[in-house]
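Structure at a glance
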Amino acid sequence: MSNQGQFSSSEVLTAASLNGFSQVTILNTLQTVSSGTNTSISFSDADEMIDVGNWHNSTQPTRITPSVTGIYLFTAQCLSINNSNGRALINLFLNTDVIASEDDNDGGHDLSLAVHYPVDSAGDYISLQCFHNAGVAKEARFILSAQLIRQTS
C-alpha cells in the first residue's frame, strides 16, 4: 500500500494498514496563564483523553509528536480565558512555525482553531501557546488534538 486509502484489488489489509486510520491524540488540561507573556501549554500523562499513536509523553509535555508522515487535522481550544478588557490569543505551532492562530481582540470569548496540515518527517511536533493581557493571571482549559487524516508514506 503506497498511501492510506489507496488499495488495489490484489492487496491484503494488514493490521498496520488498518491501524493507520485510527491514530489520534487528544489532551485536556487546566493551566494558569500569566498576563502579558506567551505561555506554552503543558500536558501531563493524566491529561491524555486518548493517545492511540502514543504521540504524547511526559518527557516533552508541551508536544504532540506524530510518528506517521501524513496530513493531519489539528485542533486547539482555550476555554474560559474571559478577558473582557483586553486581548487573548492562541497559537498552534509545527516545530517553531505558527500554522494557525485565533485572536480575540474584543474579549470574553472562548478561542478555537482547526487546521489540516502535513507532517513531513519524524520528529516534527505540535505545540500550543496562549497569550492574554488581562493584567492578572487567568486559569483556562486547554484542549489540543492531532488526528491522522491521510498517511502519505
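This section reports on the structure supplied with the text. These figures come from a predicted structure and were not determined experimentally. (Residues numbered from 1 in each chain as written. Predicted model: local features only at pLDDT ≥ 70, side-chain atom pairs only at ≥ 80, totals over all residues. Heavy atoms only, no water.)

1. What about the sheet that holds strand E2 (residues 39–40)?
Spelled out, the test is: When DSSP locates at least two bridges between a pair of strands, those strands are taken to pair. The way it works is that DSSP assigns letters per residue, a run of H or I at least four long becomes a helix, a run of E at least two long becomes a strand, and they are numbered from the N terminus.
Pairing is antiparallel in the open sheet, where four strands are placed in the order E2-E8-E5-E6. Every interior strand has two partners, whereas the edge strands, E2 and strand E6 (97–104), have only one. Where strand E5 (residues 88–94) lies against E6, seven bridges are found, and the strand directions are antiparallel. Paired with Ala 88 across the strands is Asp 104, a residue of E6.

2. A word on the nonpolar core
Rule in force here: Grouping buried Ala, Val, Leu, Ile, Met, Phe, Trp, Tyr and Cys residues that are joined through side-chain atoms within 4.5 Å yields what is termed a nonpolar core. The buried label applies to any residue whose accessible area, calculated with a 1.4 Å probe on protein chains only, is under 20% of its type's maximum; exposed applies above 50%, and partly exposed to all values in between. Two residues qualify as a contact provided that any one of their heavy atoms is within 4.5 Å of a heavy atom in the partner residue.
Within the largest apolar cluster, 30 residues are counted, with the highest numbers of intra-cluster contacts made by Phe 74, Leu 92 and Phe 142. Going through the elements one at a time, strand E1 (24–33), strand E4 (70–79), E5, E6, strand E7 (111–119), strand E8 (126–132) and strand E9 (138–151) are the ones with two or more residues in this core. Ignoring anything within four residues of it in the chain, the contact list for Leu 92 reads Phe 74, Asp 97, Val 98, Ile 99, Ala 100, Leu 113, Val 115, Ile 126, Ser 127, Leu 128 and Leu 144.

3. Looking at the pairing of E5
Burial analysis of E5 places seven of its seven residues in the buried class, which makes it a mostly covered element. Side chains Ala 88, Ile 90, Leu 92 and Leu 94 of E5 all project onto a buried face; the interleaved residues Leu 89, Asn 91 and Phe 93 project onto the opposite face, where all are buried too. Across seven bridges, the pairing between E5 and E8 is antiparallel. Within the sheet, the bridge partner assigned to Leu 89 lies in E8 and is Phe 131.

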